[in-house]
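# Breakdown of the fold
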Amino acid sequence: MRIRNPYFVGRFACLALLFLSLLCASELKAQGPAPETAPPLFPGGGLVSYNSIFTTRSLMLASSGGIPVTAFPTFSHEADFNFTWGFYRNFDLAVLVPVVTNHFDSENVPVVGGTGLGDAMVLLKYRFYRRDSERGTTQASVTFGPKIPTGRTDLTDKSGKRLPAGLQPGSGSTDLFLAVNWTYTGLFNLRRLVADEDFHSLIRSQGTQATRLGSGIESRFWLSYRPYESKSVAREWFIGPALTWLHSQDDRIGGITQSRSGGDVLLAGITTYVGVRPGMHVWLGMDWDVVHSTGAMFMPVRRHVSFGITQQFRMHR
């Protein structure tokens, strides 16, 4: 299996940018700054990445007049800045800081929204399993950490009324992020065929406006093939289909469950990573709604696009 080269020598590079719009929901994350999600960063290594996520949502079936209290953005863009440090073998520590732009557009109300800092996360990853064979390498890891209420929660409409909690860049709540990741190289004894699974959950507490947004589960399976890999692994190309299942529980506002505000979505798409030089990858992922729940207050994700760039470097030996 290709692992992150411990001799990458790089400089801090936080590059950003691109793109025109397709739209985003904060619950839906991109696969991450590296093609394989299970391995931790090499000991003494560092990584910086920028990820631009866009998603669109459908309007809820029960949207009549005004902004529903359980509304989520019909358009959202999340710019994620990620720093990761491989502080010990099989362990790494990541800090994720998002900047979020939310918009809600309905026939019944003018467009509302705004931009602000989102909730940061501090995550610890531990790889508890690695097995090498002639076929390739199998790895598994767990990740956990808090989501901290650093985000903005004071966006208002044109009349000065505060927007519902789901339309704010931040949640005002301290939540727990848990993940299990698995990477299997050499599927069907093809050395360049890799199966990768990212299963994670965000367990929420009560936050702004006495609102407890529904806890969520996301399962993302990516089957990738490397059509090209240079001998030095300085340049490579991964591409393959992805299948994502999203589940969200009902919101609770003032202690009252908002029935059928949560639901399920199945997305199908394609993701590609390109290694442009030692330690640097760019990636692009696109997903579309295949099937979703039809709860009266549920706003399913319909389209999702993610673009990102990452650079690894050595911090210490």
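Up top is the structure.
Residues numbered from 1 in each chain as written. Predicted model: local features only at pLDDT ≥ 70, side-chain atom pairs only at ≥ 80, totals over all residues. Heavy atoms only, no water.

## Some words on the overall build of the protein chain
On a plain count of helices and strands, the protein chain comes out with zero helices and 16 strands. Buried residues in the protein chain amount to 53% of all 317 residues. Sequence separation of 24 or more characterises 67% of the internal contacts of the protein chain that already satisfy a separation of 6 or more. When the accessible surface of the protein chain is summed, it comes to about 14,300 Å², and 62% of that surface belongs to carbon and sulfur atoms. (Helix = DSSP H or I, 4+ residues; strand = E, 2+ residues; numbered from the N terminus. Buried < 20%, exposed > 50% of the residue type's maximum accessible area, 1.4 Å probe, protein only. Contact = heavy atoms within 4.5 Å. Areas by Shrake-Rupley, 256 points an atom, 1.4 Å probe, with all protein chains shown as cover.)

## Comments concerning unusual backbone geometry
Only a minority of non-glycine residues have a phi that is not negative, and only a minority of peptide bonds are not trans. Positive phi outside glycine occurs at Phe188, with the angle close to 55°. Along the polypeptide, Phe188 turns up in the loop between β7 (175–185) and β8 (193–203). Phi is positive for Arg260, which is not a glycine, with a value near 65°. Here Arg260 is to be found in the loop between β13 (256–257) and β14 (263–277). The exposure class of Arg260 is partly exposed, given its relative accessible area of 45%.

## Here's the deal with the pairing of strand β15 (residues 280–292)
Summarising the sheet, β14 and β15 pair through twelve bridges and their orientation is antiparallel. Bridge pairing in β15 places Tyr273 opposite Trp283. The antiparallel hairpin formed by β14 and β15 contains two residues in its connecting segment, where Gly279 sits at a positive phi of about 85°. Taken together, the nine bridges between β15 and strand β16 (residues 301–314) define a ladder with antiparallel strand orientation. Along β16, the bridge assignment pairs Gly285 with Ser306. (Pairing = 2+ DSSP bridges.)

## Quick look at the packing of aromatic side chains
A ring pair, where both rings are aromatic, is described by two values, the distance of the centres and the angle of the planes. For the structure on display, the rule yields eight aromatic pairs. Relative to Phe87, the ring of Trp85 has its centre 5.6 Å away and its plane inclined at 55°; by these criteria the two rings are tilted. The exposure class of Phe87 is partly exposed, given its relative accessible area of 31%. Consider the rings of Trp182 and Tyr184, whose centres lie 5.8 Å apart with planes at 25°: the pair is stacked. Tyr184 sits in the partly exposed class, given a relative accessible area of 24%. A cation over a ring is seen here: Arg57 above Phe72, with NZ or CZ 4.8 Å from the ring centre. Directly above the ring of Tyr184 sits Arg135, whose terminal nitrogen or CZ lies 4.0 Å from the centroid. (Phe/Tyr/Trp six-rings, centres within 6.5 Å; stacked < 30°, edge-to-face > 60°. Lys NZ or Arg CZ within 6 Å of the ring centre and 35° of its normal.)

## As for the pairing of strand β5 (residues 120–132)
Pairing of strand β3 (residues 91–106) with β5, which is carried by six bridges, proceeds in the antiparallel orientation. Bridging across to β5, Asp92 finds its partner in Lys125. Remark: four residues form the turn of the hairpin made by β5 and strand β6 (residues 137–148), two consecutive strands paired antiparallel; Gly136 in that turn has positive phi of roughly 160°.

## Some remarks on the sheet that holds strand β9 (residues 211–212)
Strands sit in the order β9-β12-β13 across an open sheet of three strands; the sheet is antiparallel. A single partner strand is all that each edge strand has here, and the edge strands are β9 and β13.

## Some remarks on the nonpolar core
One recurring pattern in soluble globular proteins: nonpolar side chains tend to sit buried together. Core analysis: the largest hydrophobic core is formed by twelve residues, namely Met60, Ala71, Phe72, Phe104, Val109, Val112, Leu155, Leu163, Ala165, Leu167, Leu213 and Met299. With sequence-adjacent residues up to four places away left out, Leu155 is seen in contact with Gly113, Gly114, Thr115, Lys161, Arg162, Leu163, Leu167, Gln168 and Pro169. (Core = buried A, V, L, I, M, F, W, Y, C linked by side-chain atoms within 4.5 Å.)

## A few points about a nonpolar patch on the surface
Together, Phe81, Val95, Val97, Val99, Leu117, Val122 and Ile148 give the surface a local cluster of nonpolar side chains, amounting to about 430 Å² of exposed area. It is β3 that provides the largest number of residues to the nonpolar patch, a total of three residues. With respect to the helices and strands, Val99 occurs in strand β3. Overall, Val99 belongs to the partly exposed group, its relative accessible area being 31%. (Patch = residues over 30% accessible without salt bridge, like charges linked within 9 Å, V, L, I, M, F, W, Y side chains within 5 Å. Salt bridge = Lys/Arg side-chain N within 4 Å of Asp/Glu carboxyl O.)

## Quick notes on the side chain of Gln168
Residue placement: Gln168 occurs in the loop between β6 and β7. At 2.8 Å, the side chain of Gln168 forms a polar contact with the backbone nitrogen of Leu155. Not counting residues up to four positions away in its chain, the partners in contact with Gln168 are Asn102, Arg152, Thr153, Asp154, Leu155, Arg162, Leu163 and Gln209. (Polar contact = N/O pair within 3.5 Å; in protein donor to acceptor, adjacent residues only side chain to side chain.)

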